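Architecture at a glance
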Protein chains: 2
Amino acid sequence: MGRSSHEQALQNRSKIVDRASKLFRKFGVDSVTVSDIMKSMGMTAGGFYKHFDSKDALVREAVTLSFEQASNFWAGIAEGSGNAGVASASIVQQYFKRRPPDQTCPILAFAGHVASESAGPLACSAYRAGAKRLFAQFIGKQPECKQNAEVMFAAMIGAGFLAHTLNDDKWVRAVQAAVETTATRNTASD
Amino acid sequence: MGRSSHEQALQNRSKIVDRASKLFRKFGVDSVTVSDIMKSMGMTAGGFYKHFDSKDALVREAVTLSFEQASNFWAGIAEGSGNAGVASASIVQQYFKRRPPDQTCPILAFAGHVASESAGPLACSAYRAGAKRLFAQFIGKQPECKQNAEVMFAAMIGAGFLAHTLNDDKWVRAVQAAVETTATRNTASD
DNA sequence: TGTACATCAGTGAACGCGCGTTCACTGATGTAC
DNA sequence: TGTACATCAGTGAACGCGCGTTCACTGATGTAC
């Protein structure tokens, strides 16, 4: 097979990022090879470097895309809720729902790679920006009870982190339930 | 240099686990090679396999040791406090204090490795047991406000996780502060 | 106590494997006339 | 519209490097007589 059209090539590039985003979130960045990604598209590894300078450059884009999707998802939840407090509680509720592994929260999915030495600078800064963005979105426009919202954010991430790392021991599910009911109770008392 | 005495060999074995525990916590399991560890003892990589079957076997022991140390540290904090609620607040407070990187909380330090595909079964089960143990220790013997304690545990881990992954952006420090003051406030109102 | 032998902790070089990356090549696409 | 040429997306083999692990070997330690 020879050359693709320019338009086709651009589509392929996007598809690489999309596939990478899903594979990385499901298996972890370091467990997914460039070859894995290209194979999942029915292509060979060599062509990858016609689109990206390095794997790190791809990770950067995959991280950015993942955070964008998560951000849109959260925005959709918030839109369906009334005030900002209810929105936070709804996000927590959704956050603990089982989702396909390739849609794992990017804050959790890419943390292992970002924390390791092998993480490139591009991926790190994209992660930083994405995490901050989700945080700001969660806090929303409720400066009055900001401290409480911060705690709930930490609790949500913490419980999600434990579930992700230990894949659902019983006690972790209890922690998630406690966080969820606390989030909704806080809302009710506002 | 030839053979060491039996006693010396046992000491060396312990020292390997100790060094590994520190290096793994500081740089991450996958960033530290068997050769790194042995070199830090002034030895060569080959001798490692006289003590351990595999790197995974070492990781298992390093994880166990790390959790043991963390557990003892928490116990020391709890002993200095009055009731169980105060103990939890004190642990949160200590948890956010800056510590040498080679003493990073094992729940955070080994999470990336455990979550990845490359993690061996030995390391995983040791991690699982250690995390559960620390959780039980945090909750302590206060069944009356267990749900609140669970939330604070999740918040503590979540804020610590963010700090570990993002190494201290300003907003993360704010989250830590919010969790800490909430933990102590909860205690006061009990 | 001294001697001969077996054991085995540690050495250092080499192996094997996986993965990121490179490179010469192919042939369809795009372009200039 | 047709032809000749340049471009370049994708191929597939190979390279280079790092790391976990193996192995023949060394020489001090431990043991049997």
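Here is a short report on the structure shown in this document.

The rules behind these values
Residues numbered from 1 in each chain as written. Chains lettered and ligands numbered in written order. Predicted model: local features only at pLDDT ≥ 70, side-chain atom pairs only at ≥ 80, totals over all residues. Heavy atoms only, no water. Helix = DSSP H or I, 4+ residues; strand = E, 2+ residues; numbered from the N terminus. Contact = heavy atoms within 4.5 Å. Areas by Shrake-Rupley, 256 points an atom, 1.4 Å probe, with all protein chains shown as cover. Lys, Arg positive; Asp, Glu negative; His and termini not counted. Charge placed at Lys NZ, Arg CZ, Asp CG, Glu CD. Axes fitted to C-alpha atoms, helices over the stretch in contact; angles between N-to-C directions. Parallel < 35°, antiparallel > 145°, perpendicular 65-115°, else oblique. Left-handed = near helix turned anticlockwise from the far one by under 90°. Nonpolar A, V, L, I, M, F, W, Y, C, P; charged D, E, K, R; others polar. Buried area = accessible area lost by both parts, 1.4 Å probe. Salt bridge = Lys/Arg side-chain N within 4 Å of Asp/Glu carboxyl O. Polar contact = N/O pair within 3.5 Å; in protein donor to acceptor, adjacent residues only side chain to side chain. Near = heavy atom within 4 Å. 1 Å grid on protein atoms, 1.4 Å probe; cavity = no way out; pocket = protein on both sides within 12 Å on 5 of 7 lines; lining within 4 Å. Points joined across faces, edges and corners; volume = space filled by probe spheres on them. Core = buried A, V, L, I, M, F, W, Y, C linked by side-chain atoms within 4.5 Å. Buried < 20%, exposed > 50% of the residue type's maximum accessible area, 1.4 Å probe, protein only.

What follows is about the overall build of chain A. When helices and strands are counted, chain A shows nine helices and zero strands. Counting helices and strands in the order they occur from the N terminus, chain A gives α-α-α-α-α-α-α-α-α. Each of the three principal axes of chain A carries a C-alpha extent, and together these read 65 × 35 × 25 Å. Counting contacts in chain A only where the partners sit at least 6 residues apart, residues at least 24 apart contribute 65% of the total. A total of about 9200 Å² of accessible surface is found on chain A, and carbon and sulfur atoms cover 52% of it. Averaging the positions of the 22 positive and the 17 negative side-chain charges in chain A gives two centres separated by 3 Å.

Packing of helix α7 (residues 121-139) of chain A against helix α8 (residues 146-166) of chain B leaves a shortest axis separation of 11 Å and a crossing angle of 150 degrees. The angle between the axes of α7 of chain A and α8 of chain B places the two elements in the roughly antiparallel class. The crossing of α7 of chain A and α8 of chain B is left-handed. Taking contact as the criterion, the partners of Tyr127, Arg128 and Ala131 of chain A in α7 of chain A are, on α8 of chain B, Phe161, Thr165 and Leu166 of chain B. Of the residues assigned to the contact of α7 of chain A with α8 of chain B, the class counts are four nonpolar, one polar and one charged.

Once that is clear, we can look at the interface of chain A and chain B. Between chain A and chain B, the residue contacts involve 41 residues of the former and 41 residues of the latter. Interface of chain A and chain B: buried area, both sides summed, is about 3200 Å²; carbon and sulfur atoms make up 71% of it. Its largest share of buried area at the contact with chain B, chain A owes to Arg128, Phe161 and Trp171 of chain A, together 19% of the area lost on that side. The interface formed by chain A and chain B holds two salt bridges in total. Note that aspartate 169 of chain B is salt-bridged to arginine 128 of chain A, the shortest N-O span being 3.0 Å. There are eight residue pairs in polar contact (both at pLDDT 80 or more) connecting chain A and chain B. Within the residue set of the side of chain A that touches chain B, elements represented by two or more residues are α5 (106-109), α6 (111-115), α7, α8 (146-166) and α9 (170-189) of chain A. A total of 14 residues in the side of chain A that touches chain B trace back to one element, the largest contributor, which is α8 of chain A.

Looking at DNA strand C, there are 20 residues lining it, with Arg3 and Lys55 of chain A together with Arg3, Asn12 and His51 of chain B nearest. Across the atoms of DNA strand C situated within 4 Å of the protein, the share located in sugar and phosphate is 64%. Note that a phosphate oxygen of DNA strand C is positioned 2.8 Å from one of the side-chain N or O atoms of tyrosine 49 of chain A. Contacts to DNA strand C include arginine 3 of chain B, whose side-chain N or O atom sits 2.5 Å from a base oxygen. Residue composition of the surface near DNA strand C, by class: four nonpolar, twelve polar and four charged.

Remark: the empty space left among the atoms is shown by a probe the size of a water molecule rolled over them. Residue and element names in this part refer to chain B. The calculated volume of the second largest pocket comes to roughly 530 Å³. Around the second largest pocket, the lining is made up of 16 residues, and of these Gly2, Ser4, Asn12, Met43 and His51 lie nearest the centre. Of the residues contributing to the lining of the second largest pocket, the split by class is four nonpolar, ten polar and two charged.

A few words now on the environment of serine 125 of chain B. If you trace the backbone, serine 125 of chain B turns up in helix α7 (residues 121-139). For serine 125 of chain B and valine 114 of chain B, which are eleven residues apart along the polypeptide, the C-alpha to C-alpha distance reads 9.3 Å.

Ranked by size, the top nonpolar core spans 118 residues in total, and within it Ile107 of chain A together with Ile107 of chain B carry the most contacts. Apart from residues no more than four positions distant in its own chain, isoleucine 107 of chain B is found in contact with Phe161 and Leu162 of chain A together with Phe67, Tyr127, Ala131, Leu134, Phe153 and Ile157 of chain B.

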